[in-house]
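# Inside the fold
Here is what each chain is made of, one letter per residue.
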Amino acid sequence: MTATVPPTPSHRPIPDPEGRVELPPGTELTDGRFVNDDLLPVPLARRRWTTYNFTALWVGMAHNIPSWLLASGLVALGMDWKQAVLTIALANIIVLAPMLLTGHAGPKYGIPFPVLARASFGLRGANLPAMIRAGVACAWFGIQTWIGGQGIFVLLGKIFGGWAEASEVGGRPWTLWVCFVLFWALELAIIYRGMETLRRFENWAAPFVIVGALVLLAWIAHKAGGLGPLLDQPSRLGWGADFWPVFFPSLMGMIAFWSTLSLNIPDFTRFGAGQRAQVWGQTLGLPTTMTLFALLSVFVTSGSQAVYGAPVWDPVALAARTDNVFGLLFALVTVLVATISVNIAANVVSPAYDLANLAPRVISFRTGALITGVVGVVIMPWKLTETPELYIFTWLGLVGGLLGTVAGILIADYWIVRRTALDLPDLYTPGGRYWYRSGWNPRAVAAFLIGGVLAVGGSHSAPGKGPFPEGGLIPFLKPLADYGWAVGLAASLVVYVALMAGHRRRT
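Just so it is clear, the structure is predicted and the values come from calculations on it, not from any experiment. Here the residue numbering is sequential within each chain, running from 1 through the sequence in written order. Given that the model is predicted, a residue must reach a pLDDT of at least 70 before its local features are reported, and side-chain atom pairs must reach 80 or more before they are shown or counted; all residues, however, enter totals for whole chains, interfaces and linings. Excluding hydrogens and water, the side-chain values take into account all heavy atoms of the structure.

## Thoughts on the nonpolar core
Remark: nonpolar core denotes a set of buried residues (Ala, Val, Leu, Ile, Met, Phe, Trp, Tyr, Cys) joined through side-chain atoms within 4.5 Å. Working definition: with a 1.4 Å probe on protein chains only, accessible area under 20% of the residue-type maximum means buried, over 50% means exposed, and in between means partly exposed. Within the largest apolar cluster, 112 residues are counted, with the highest numbers of intra-cluster contacts made by Met61, Leu155, Trp258, Leu261 and Phe268. Looking at this core element by element, the count peaks at twelve residues for helix H6 (residues 127-160). Ala356, Tyr414, Leu422 and Tyr428 belong to the second-largest nonpolar core, a separate cluster that totals 22 residues. We count a stretch as a helix when DSSP gives it H or I for four or more residues in a row; a strand needs E for two or more, and each element gets its number in order from the N terminus.

As structure tokens, this is what we get:
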């Protein structure tokens, strides 16, 4: 595909009072291997997302069933409500920093994540982090879709009855598979209409989901006889030797939950009206919303422990315990809105751009979204949320380590090596300053390999609780595994800066 900008005599970037830059007039980007309309910088006239839009985006993404499972899973692992909320609040304050750092390039240059990655990894090498991010997003899309379909199945089964007794296909009732497929199709239909439809959907979905969570809290508090029993559930871990081995991997797991967005947040901030909009929007939207939602989820889970004698960490399973038809219908709509809200924004937008970056000639944003939907089913997402240990320690721990490594390289390149100055046309031009060696920057690849091994090489599982050996994949790295995201980010950042400094001295 050939992309052109109407020619004028000037070939200098056009800044504006906000410091934003668009392609110089007259720039012709003709190499279809690296250019299509979805990857080009967003023109200044179309960068109009406000603080409210970014805040609403985060409210919509944070209020979803898997983030509920994060907090309620900590209670199921033995924390009390104060320990669980502290863990989640701290994690989201930490992950906000790389989110704002990588998000800066979006409003300034109007470019998506895979194009930003070209500055550090090279025009071809950017496919390495892009495909890692796309693979993780496809898995998350499948997980969210499975949870949403399962929620529909459980709640409709309570309303109409008999669904759970349907004949089985693949070890599960065929009615569950129907709910899964219908929900999958609904999500893809929305994203197929484009980013403006997503913005409008997030604007009204966000407050609706908050109301749904508050209703569930009021219901369980009524069942428990007030808020007192919700707050009185003791920690099984205390604050001593039993707490810290659970706290640190849980903290990294909480960070890993949004480490995906800390990479591809430029996919959204590229539509921002300026830096103020994305900074305030994300700051108001992410840590505050996740902490509030964590409070709601741990209160409700603690209440379920008081009412039923054991914590019910799945909100759908908990809502299904009511016999009120209106309550079940309201819970059903809330599950639908909450899951669609986060799944499309967090798990379809990124791989759609990443896959378009892989083959711009043949893959558009919409085609990439459809591929994401197919891959999200093929990975069998129902296996990844079977237990809190598998979900928090294994899946989130591994993902966090790898994505933290990529984030370290992006931040190092954009902020330390280049001081936020990018040559916009060269990000699309073979042979330019970001071409390196045949389109690959070997220093970025080396930093990724070193950081990745340090971050996830010591991955381990308790006997019967996960796929890794108890002593760790690489035993001497086992002590680092519980800090995977932080280790990966710090190691790759330091290594990349050192390698690029040595390269510049030689050249």
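More follows now that the structure is in view.
## With respect to the side chain of glutamine 144
Relative to the elements of secondary structure, glutamine 144 occurs in helix H6. If sequence neighbours within four positions are ignored, glutamine 144 has contacts with Asn64, Pro66, Phe183, Thr339, Val342, Asn343 and Asn347. By definition, residues are in contact when any of their heavy atoms lie within 4.5 Å.

## Some thoughts on helix H1 (residues 51-62)
In a helix, the anticipated span is given by 1.5 Å times the number of residues less one. End to end, H1 covers 16 Å across twelve residues, agreeing with the expected 16 Å (1.5 Å per residue, within 8%). The element H1 is extensively covered by neighbouring structure, given that ten of its twelve residues are classed as buried. Here H1 has its buried residues at Asn53, Phe54, Thr55, Ala56, Leu57, Trp58, Val59, Gly60, Met61 and Ala62.

## Side note on the pattern of salt bridges
Here, a salt bridge means any Lys or Arg side-chain nitrogen found within 4 Å of an Asp or Glu carboxyl oxygen. Taken as a whole and judged by the stated rule, the model has three salt bridges. The residue aspartate 423 makes a salt bridge to arginine 433 at a minimum N-O spacing of 3.4 Å. Note that aspartate 423 is positioned in the loop between helix H17 (388-417) and helix H18 (442-456) and arginine 433 in the loop between H17 and H18, a separation of ten residues in sequence. Of the residues examined, aspartate 423 reaches a relative accessible area of 23% and is grouped as partly exposed.

## Remarks on the packing of aromatic side chains
Aromatic ring pairs are defined here through the distance separating the ring centres and the angle between the ring planes. Within 6.5 Å between ring centres, the rings of Phe, Tyr and Trp (the latter by its six-membered ring) count as paired, and their orientation is classed by plane angle as stacked under 30 degrees, edge-to-face over 60, tilted in between. Summed over all chains, the structure comprises 15 aromatic pairs. Seen in terms of ring centroids, tryptophan 146 and phenylalanine 180 are 5.4 Å apart; in terms of plane orientation they differ by 70°. Their pairing is edge-to-face. Taken together, the residues span a long stretch of sequence, with tryptophan 146 in helix H6 and phenylalanine 180 in helix H7 (residues 174-191) at a distance of 34 residues. In this structure phenylalanine 180 comes out as buried when scored by relative accessible area, which is 4%. Ring geometry for phenylalanine 247 versus phenylalanine 248: centroids 5.0 Å apart, planes at 70°, classification edge-to-face. Given the relative accessible area of 7%, phenylalanine 247 is considered buried. Its relative accessible area of 28% is what places phenylalanine 248 among the partly exposed residues.

## Section: helix H15 (residues 349-358)
The buried count for H15 comes to nine of ten residues, which makes it a mostly enclosed element. The complete set of buried residues in H15 reads Val349, Ser350, Pro351, Ala352, Tyr353, Asp354, Leu355, Ala356 and Asn357.

## Details of a nonpolar patch on the surface
Each patch groups residues whose relative accessible area exceeds 30% and which form no salt bridge, using 9 Å between like charges and 5 Å between nonpolar side chains of Val, Leu, Ile, Met, Phe, Trp and Tyr. Per-residue accessibility takes into account occlusion by the displayed protein chains alone, with areas from the Shrake-Rupley method and a 1.4 Å probe. A cluster of nonpolar residues, Val169, Trp174, Val178 and Leu182, forms a patch on the protein surface that exposes about 380 Å² of accessible area. Among the elements that line the nonpolar patch, the one with the most residues is H7, at three residues. With respect to the helices and strands, tryptophan 174 occurs in helix H7. Tryptophan 174 sits in the partly exposed class, given a relative accessible area of 42%.

## Some remarks on the packing of H6 against helix H10 (residues 244-264)
Contact geometry for H6 and H10: axes closest at 11 Å, N-to-C directions at 135°. The angle between the axes of H6 and H10 places the two elements in the oblique class. Crossing of H6 over H10 shows left-handed handedness. In this structure, H6 contributes Arg133, Val136 and Trp140 to the contact, and H10 contributes Phe257, Thr260, Leu261, Leu263 and Asn264. The classification used treats Ala, Val, Leu, Ile, Met, Phe, Trp, Tyr, Cys and Pro as nonpolar, Asp, Glu, Lys and Arg as charged, and all other residues, Gly among them, as polar. The class makeup of the residues in the contact of H6 with H10 is five nonpolar, two polar and one charged. All axes here are fitted lines through C-alpha atoms, helices being fitted over the stretch that makes contact, and every angle between N-to-C directions spans 0 to 180 degrees. Note on terminology: angles under 35 degrees are roughly parallel, angles over 145 are roughly antiparallel, angles of 65 to 115 are roughly perpendicular, and the others are oblique. Working rule for handedness: look at the near helix, and if it is turned counterclockwise from the far one by less than a right angle, call the crossing left-handed; if clockwise, right-handed.

## What about the packing of H15 against helix H16 (residues 365-378)?
Taken N-terminus to C-terminus, the directions of H15 and H16 make an angle of 115°; their axes are 7 Å apart at the nearest point. At the point where H15 passes H16, the crossing takes the right-handed sense. Of the residues in H16, those touching H15 at Val349, Pro351, Ala352, Tyr353 and Leu355 are Phe365, Gly368, Ala369, Ile371 and Thr372. Of the residues that constitute the contact of H15 with H16, the class distribution is eight nonpolar, two polar and no charged.

## A word on the environment of glycine 225
By secondary structure assignment, the location of glycine 225 is in the loop between helix H8 (195-224) and helix H9 (228-231). The class for glycine 225 is exposed, based on a relative accessible area of 65%. In this structure the C-alpha to C-alpha distance between glycine 225 and glycine 303, which are 78 residues apart in sequence, comes to 9.4 Å.

## Topic: unusual backbone geometry
In this structure, threonine 420 is a non-glycine residue whose phi angle is positive, near 70°. Its place among the elements puts threonine 420 in the loop between H17 and H18. A positive phi angle, close to 55°, is found at tyrosine 436, a residue other than glycine. With respect to the secondary-structure elements, tyrosine 436 resides in the loop between H17 and H18.

## What to know about the confidence of the model for the protein chain
Note on scores: pLDDT gives the predictor's confidence for each residue, bounded by 0 and 100. In this model, the protein chain carries an average pLDDT of 80, and 87% of its residues clear a pLDDT of 70 or more. Under a pLDDT of 50 for its full length, residues 1-11 has, in the predicted model, 29 contacts with residues more than four places off or in other chains.

## Re the environment of valine 495
Its location among the elements puts valine 495 in helix H20 (residues 484-506). C-alpha separation for the pair valine 495 and isoleucine 409, spaced 86 residues apart in sequence, amounts to 8.7 Å. Discounting chain neighbours no more than four positions away, the residues touching valine 495 are Ala447 and Ile450.

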